[in-house]
Amino acid sequence: MVIEEWKKSGIATKFPTYRNSGLVTTHSWQLGKREDDRAEGLWRIHDGIYDFTEFIDKHPGGPFWIRETKGTDITEAFEAHHLTTAPEKMIAKYWVRDAAEPRIYTLTLDEGGFYKTLKERVRHELKTIDKKPKRKSDLIHLGVLVSLFLFAIISAKYKSLVALVLAGVALCWTVIVSHNYFHRRDNWQMYAFNLGLMNFTAWRVSHALSHHIYPNSYMDLELSMFEPLLCWIPNPHLKSKAMRYVSWVTEPVAYALAFFIQIGTRIFYSLRHTNIMYWHDLLALSIPVSIYLGTGGTVGVLACLRTWLAMTSIASFSFCLIGLNAAHHDPEIYHEGDTNREDRDWGLFQVDTIIDRGDLKWSQFLVLTHFGDHVLHHLFPTLDHGLLPALYPVLYQTLDEFKGHLRECNHIEHMIGQHKQLLRITPNPKPPGSGKKVK
C-alpha cells in the first residue's frame with residue numbers, strides 16, 4: 001500500500017490506525033496499536049515475541065501495565081520503565097519465538113547508543129545519590145491535596161472568590177503532582193489524579209504509553225485528542241493556516257473545558273462502544289461532598305456543586321496553561337513531519353522533542369507542580385522528580401558525547417513558542433540541533 005506523503009511518519013513505517021477513528025480515545029488508540037504493531041497477539045520486545053499471560057498478576061508494578069499492553073510492541077516502554085538489569089534476564093523464560101516481521105518503529109535502542117549509555121550511568125548514580133528528596137515529594141503532594149479541600153470549603157462557606165481561585169490552583173497542582181506517581185507501581189497517590197475529572201488509568205495509556213514513548217508524532221495521543229481545536233503538527237492537511245489562527249481564539253475555552261471534555265468523551269464512548277469508566281472516577285465527587293460536610297450543611301447542595309464546578313474549571317484552565325506551555329511546542333522543537341537527526345536513538349529523539357523550563361530548577365515544589373525537569377522525566381519516568389537533579393551531570397556528559405543539546409527557556413518564552421507552533425504549517429527541513437528556526 002502506498003502511503004500518502006503527508007501521512008508518512010518520522011518514527012514509524014505505518015500511519016497509525018487509530019487516527020482513522022471517528023472518536024479518538026485511549027481505547028481506540030489501544031485497538032489501533034494492536035492492529036499495527038506486529039506483536040502477533042502477544043507482547044513484543046525488540047524482535048522477540050513473549051507471552052506474559054501468567055505474569056500479569058505477578059508484575060511488581062501492578063497488573064495494569066501488562067494486561068493493557070497485550071498485543072502491542074512494548075520495546076521502548078520496557079526499556080524506559082526498568083532501570084535494573086533484572087527484568088531483562090527475567091523475561092527470557094516468557095520468550096515464545098522471534099517476530100515474523102520487522103518492527104514498524106524506526107527509532108533505535110542500541111547497546112552503546114545514547115540512551116543505553118545514559119541508562120547505565122544513571123543506574124550507577126542511583127546507588128549513591130541522596131533519596132531524601134523522595135520524601136519531600138510525598139509531603140508536597142499531601143500538602144496540595146489537603147489545601148484544595150480546605151480552600152474549597154472556605155470558598156463556599158465565606159463566598160470568597162480568592163479562596164475559590166486558590167482551590168482551583170491547588171486542584172491543578174494536585175493533578176500535576178499526582179502525575180509523578182501514576183508512572184510507577186500502583187500507589188495511593190495516583191488516585192488523587194482523578195479529583196480533576198480525569199482518570200489515571202486512561203492517562204497511563206494516553207500519557208505514559210503514548211505521549212512519553214512517541215512525543216510529538218502521529219502516535220502521540222496527547223496531540224490527536226486536542227485536534228481539531230488545537231493542532232501542533234505542521235501539516236496543512238490536518239488544519240489550514242486560517243483555522244490555526246482561530247485556535248488562538250478557541251484556546252482559552254478549550255483550556256477551561258478540558259477536564260470536562262475528558263470525562264464527557266469517556267462517558268460518551270462507554271455508552272456507545274466499550275466501557276472505559278472505573279469506580280475511581282467517582283473520587284472527584286469527594287470534593288462537593290467535603291464542601292457540604294465541611295460547611296456543616298449550611299451551604300446548599302447546588303451551591304456546593306457550583307463551587308466544585310467553578311474550581312474544576314479554574315483547575316482545568318491552569319492545568320492547560322502550565323502543561324501545554326511546559327516543554328513540547330515551539331518551532332525549534334521536533335514535530336511530526338520535521339526532518340529527523342541522523343542518529344535515530346530513541347533517547348535523542350526524546351531530547352529533540354523538548355525544551356525544558358530552566359526557570360524552575362531551583363525549586364522542587366515548582367518542578368513538581370509545573371512539569372519541570374522534563375527531559376530527564378521523559379527518559380526515566382519511574383524516578384521521583386526529587387531524584388532527577390542529581391542526574392544532570394551524567395546527562396550533560398552523555399549529551400556532549402552524542403552531539404545532543406539540552407535546551408531551556410522560561411514560561412513566557414514557552415507560551416510565545418507554543419502559539420507560533422500552533423500557526424506553523426511548514427515542516428522544518430533542518431534536523432534538530434541545526435539552529436534554524438522555522439517562522
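Keep in mind the model is a prediction, meaning the values are calculated, not measured.

1. Here's the deal with the overall build of the protein chain
Inference 1: Looking only at helices and strands, the protein chain has 17 helices and six strands in total.
Inference 2: Taking 439 residues into account, the globule formula puts the C-alpha radius of gyration at 22 Å, and the protein chain, at 22 Å, falls close to it.
Inference 3: Considered along the principal axes of its C-alpha atoms, the protein chain spans approximately 65 × 50 × 50 Å.
Inference 4: For the protein chain, the proportion of its 439 residues judged to be buried stands at 58%.

2. Topic: the pattern of salt bridges
Inference 1: Summed over the entire model, instances satisfying the criterion amount to 22 salt bridges.
Inference 2: The salt bridge partner of Arg103 is Asp73, with a shortest N-O separation of 2.8 Å. Remark: Asp73 occurs in strand 3 (residues 72-73) and Arg103 occurs in the loop between strand 4 (95-98) and helix 5 (114-125); sequence separation between them is 30 residues. With respect to class, Arg103 is no different from Asp73; both count as buried.
Inference 3: With its nearest N and O atoms 3.0 Å apart, the salt bridge here joins Arg204 to Asp186. With Arg204 in helix 8 (residues 200-211) and Asp186 in the loop between helix 7 (161-182) and helix 8, this residue pair connects regions lying 18 residues apart in the sequence.
Inference 4: Arg204 sits in the buried class, given a relative accessible area of 1%.
Inference 5: Overall, the relative accessible area of 42% leaves Asp186 in the partly exposed class.
Inference 6: Three or more residues are tied together by salt bridges with common partners; here these are Glu79, Glu111, Lys116 and Lys119.

3. Concerning the domain arrangement of the protein chain
Inference 1: As assigned here, the protein chain comprises domain 1 (5-109) and domain 2 (110-432).
Inference 2: Taking the mean C-alpha position of each, domain 1 and domain 2 sit 23 Å from one another.
Inference 3: Counting residues at the interface gives 43 residues for domain 1 and 52 residues for domain 2.
Inference 4: Interface of domain 1 and domain 2: buried area, both sides summed, is about 4300 Å²; carbon and sulfur atoms make up 67% of it.
Inference 5: For the interface between domain 1 and domain 2, the tally reads three salt bridges.
Inference 6: The salt bridge partner of Lys119 is Glu79, with a shortest N-O separation of 3.0 Å.
Inference 7: There are 19 residue pairs in polar contact (both at pLDDT 80 or more) connecting domain 1 and domain 2.
Inference 8: When residues of the side of domain 1 that touches domain 2 are assigned to their parent elements, the largest contribution, seven residues, is made by helix 1 (residues 26-36).
Inference 9: For the side of domain 1 that touches domain 2, the class distribution of residues is 19 nonpolar, 16 polar and eight charged.

4. Comments concerning the UniProt feature "domain: Cytochrome b5 heme-binding" (unreviewed entry) in the protein chain
Inference 1: Following the UniProt record, one finds the feature "domain: Cytochrome b5 heme-binding" (unreviewed entry) at residues 16-100.
Inference 2: Helix makes up 33% of residues 16-100 and strand 14%. Its end C-alpha atoms lie 20 Å apart.

5. Quick word on the nonpolar core
Inference 1: The biggest cluster of nonpolar side chains holds 98 residues, and the ones touching the most others in it are Phe114, Leu148, Ile287, Phe319, Phe380 and Leu395.
Inference 2: The element that contributes the greatest number of residues to this core is helix 7, accounting for ten residues.
Inference 3: Here this core gathers at least three residues from each of two domains, domain 1 (5-109) and domain 2 (110-432).
Inference 4: Not counting chain neighbours up to four residues away, the residues in contact with Phe319 comprise Cys172, Val175, Ile176, Met198, Trp203, Phe259, Leu324 and Phe371.
Inference 5: Ile49, Phe52, Phe55 and Ile56 belong to the second largest nonpolar core, which has 14 residues in total.

6. What about the environment of Leu229?
Inference 1: Position of Leu229 relative to the elements: it lies in the loop between helix 9 (221-224) and helix 10 (241-272).
Inference 2: Note: C-alpha distance between Leu229 and Met243 (14 residues apart in sequence) is 9.1 Å.

7. Concerning the packing of helix 1 against helix 8
When two helices pack together, their arrangement is given by the angle between the helix axes and the distance between those axes.
Inference 1: Packing of helix 1 against helix 8 brings their axes to within 9 Å, and their N-to-C directions diverge by 50 degrees. Between helix 1 and helix 8, the interaxial angle falls into the category oblique. Note that helix 1 runs across helix 8; the crossing there is left-handed. Contacts from Thr26, Trp29 and Gln30 in helix 1 reach Ala202, Val205, Ser206, Leu209 and Ser210 in helix 8.
Inference 2: Residue composition of the contact of helix 1 with helix 8, grouped by class: four nonpolar, four polar and no charged.

Here is what the cut-offs are and how they apply
- Residues numbered from 1 in each chain as written.
- Predicted model: local features only at pLDDT ≥ 70, side-chain atom pairs only at ≥ 80, totals over all residues.
- Heavy atoms only, no water.
- Helix = DSSP H or I, 4+ residues; strand = E, 2+ residues; numbered from the N terminus.
- Rg over C-alpha atoms; globule rule 2.2 N^0.38 Å.
- Buried < 20%, exposed > 50% of the residue type's maximum accessible area, 1.4 Å probe, protein only.
- Salt bridge = Lys/Arg side-chain N within 4 Å of Asp/Glu carboxyl O.
- Domains from an automatic or database assignment.
- Contact = heavy atoms within 4.5 Å.
- Buried area = accessible area lost by both parts, 1.4 Å probe.
- Polar contact = N/O pair within 3.5 Å; in protein donor to acceptor, adjacent residues only side chain to side chain.
- Nonpolar A, V, L, I, M, F, W, Y, C, P; charged D, E, K, R; others polar.
- UniProt positions renumbered as here; feature names shortened; annotations may be inferred.
- Core = buried A, V, L, I, M, F, W, Y, C linked by side-chain atoms within 4.5 Å.
- Axes fitted to C-alpha atoms, helices over the stretch in contact; angles between N-to-C directions.
- Parallel < 35°, antiparallel > 145°, perpendicular 65-115°, else oblique.
- Left-handed = near helix turned anticlockwise from the far one by under 90°.

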